[in-house]
Amino acid sequence: MALLEANDLEIRFGGVKALAGVSFRVEEGEVFGVIGPNGAGKTTLLNAISAVYKLNGGSIRFAGEDVTGLPPHRLSRLGIARTFQIVQPFKAMSVRENVAIGAMFGHARLRTREAWLAAADAALERTGLAPKAAFMPPQLTLADRKRLEVARALAMGPRIILFDEVMAGLNHTEIERMIDLVKSLKQAGLTVVVIEHVMKAVLALCDRIMVLNFGAKLAEGVPDDVVSDPKVVEAYLGQRFAKAHAAAGGAR
Ligand SMILES: Nc1ncnc2c1ncn2[C@@H]1O[C@H](COP(=O)(O)OP(=O)(O)OP(=O)(O)O)[C@@H](O)[C@H]1O
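The rules behind the values
Residues numbered from 1 in each chain as written. Predicted model: local features only at pLDDT ≥ 70, side-chain atom pairs only at ≥ 80, totals over all residues. Heavy atoms only, no water. Buried < 20%, exposed > 50% of the residue type's maximum accessible area, 1.4 Å probe, protein only. Helix = DSSP H or I, 4+ residues; strand = E, 2+ residues; numbered from the N terminus. Pairing = 2+ DSSP bridges. Expected span 1.5 Å × (residues − 1). Bend = angle between axes of the 7 residues up to and from the residue. Contact = heavy atoms within 4.5 Å. Polar contact = N/O pair within 3.5 Å; in protein donor to acceptor, adjacent residues only side chain to side chain. Axes fitted to C-alpha atoms, helices over the stretch in contact; angles between N-to-C directions. Phe/Tyr/Trp six-rings, centres within 6.5 Å; stacked < 30°, edge-to-face > 60°. Lys NZ or Arg CZ within 6 Å of the ring centre and 35° of its normal.

K.L.:
Looking at this structure, I do not really get the pairing of strand 3 (residues 31-35). What am I missing?
P.N.:
A regular strand places its side chains on the two faces of the sheet in alternate fashion. With five of its five residues buried, strand 3 lies for the most part within the structure. Burial along strand 3 is two-sided: the residues Val31, Gly33 and Ile35 and Phe32 and Val34 are all buried. Inspection of the sheet shows strand 3 paired to strand 8 (residues 191-195) by four bridges, in the parallel sense. Bridging from a neighbouring strand, Val34 pairs with Ile195 of strand 8. Pairing of strand 3 with strand 9 (residues 208-213) involves four bridges; the strand directions are parallel. The residue of strand 9 that forms the bridge with Phe32 is Arg208.

Below, the structure is given as structure tokens:
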């Protein structure tokens, strides 16, 4: 059984069909990538799954249950956590408190301040942010603010995390560290959906990839097949990427 199943999702903004009937399944324990050109509907898809946007059509099942139309806090308590592309921590709260807020609002079982802080501490350890627990968010680098987003999501005790461009704006070394972090989450049994433009990260992480274009699914499959699909090369990756990837032997 798929952990997450989206059927025929449709989101309209006035006359724009940002999602025009997108279906996919994410299996438990896999890293599922969503790629595609700017404006293809990737963030809209993530907002649809996490109930930031109301669906104009379609349905979503999570762990075998129909979760269509449930509000965001119910989804997070069922085990769906997400990060945001624009990182917006509470500036007047420490890193530790920011992460504890994730546990407070998103965790299904924790009820006390001590439990929220303990969940925050565990998430800070897992993301390598523990030494900066007492920092205030404005003191963090962009890479650390992205880690804070991941820590906040982890503190919710999720079964699946949806990452919205966690690699964007990071340098080479920071991307490598973020790849290692996402790999460690997969190894710990979490299911992960990544929306990402950094193809190096997509190829290093994803078991399967779906490509969106103009709000519809253009391709889906294992990374090597998807990145050599002529439709995907033409709509998104470009010939330069395709040639370099082929020259590298399609290696991950
Ligand atoms: N809140 C909104 N109101 C109106 N139109 C929107 C809204 N959000 C997205 N859109 C439109 O929906 C389409 C899909 O946008 P979306 O942000 O999902 O694309 P994306 O694939 O995430 O792009 P990017 O890679 O640039 O983040 C675009 O045409 C966009 O202008």
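After presenting the structure, the write-up continues.
K.L.:
Would you mind showing me how to read helix 9 (residues 230-247) here?
P.N.:
Since the α-helix advances by 3.6 residues per turn, residues separated by three or four positions end up pointing in the same direction. Here helix 9 spans only 16 Å end to end across 18 residues, well under the 26 Å set by a 1.5 Å rise per residue. Its axis deflected by about 115 degrees at Leu237, helix 9 carries its strongest bend there. Listed as buried for helix 9 are Val232, Val233, Tyr236, Leu237, Ala242 and His245. Elements that come into contact with the buried residues of helix 9 comprise strand 3, helix 7 (199-205), strand 9, strand 10 (216-221) and helix 8 (223-227). For helix 9, the capping residue at the N-terminal end is Asp229, with a side-chain oxygen 2.9 Å from the backbone nitrogen of Lys231. Directly beyond the C-terminal end of helix 9, a positive phi value near 75 degrees is found at Gly249.

K.L.:
So what exactly am I meant to see when it comes to the sheet that holds strand 3 here?
P.N.:
Strand pairing in a sheet is mediated by backbone hydrogen bonds. Such pairs are either parallel or antiparallel. Pairing within the open sheet is mixed, and its six strands lie in the order 6-7-8-3-9-10. One side of each edge strand has no neighbouring strand; the edge strands of this open sheet are strand 6 (80-82) and strand 10. For this sheet, the mean inter-axis angle between neighbouring strands, taken without regard to orientation, is 20 degrees.

K.L.:
Help me understand the packing of aromatic side chains, please; the structure alone is not making it clear to me.
P.N.:
For any pair of aromatic rings, the description consists of the separation of the ring centres together with the inter-plane angle of the planes. The tally for this structure, following the rule as stated, stands at two aromatic pairs. On the basis of an interplanar angle of 80 degrees and a centroid distance of 5.2 Å, the ring pair of Phe13 and Tyr53 is categorised as edge-to-face. One end of the pair, Phe13, is in strand 1 (residues 2-13); the other, Tyr53, is in the loop between helix 1 (42-49) and strand 4 (57-62), and 40 residues separate them in sequence. Seen from their ring centres, Phe24 and Phe32 are 5.4 Å apart, and the 10 degrees between their planes marks the pair as stacked. Accessibility expressed as a relative area gives 0% for Phe32, which makes it buried. Directly above the aromatic system of Phe84 lies the positively charged group of Arg82, at a separation of 3.9 Å from the ring centroid.

K.L.:
Can you walk me through the pairing of strand 7 (residues 160-164) in this structure?
P.N.:
Extensive coverage of strand 7 is indicated by the burial of five of its five residues. Residue alternation in strand 7 divides its side chains into two sets, Ile160, Leu162 and Asp164 and Ile161 and Phe163, and both sets are buried. Here strand 6 runs beside strand 7; their pairing, made up of three bridges, is parallel. From the neighbouring strand, Arg82 faces strand 7, where its bridge partner is Leu162. Bridge count for strand 7 against strand 8 is five bridges, and the pairing is parallel.

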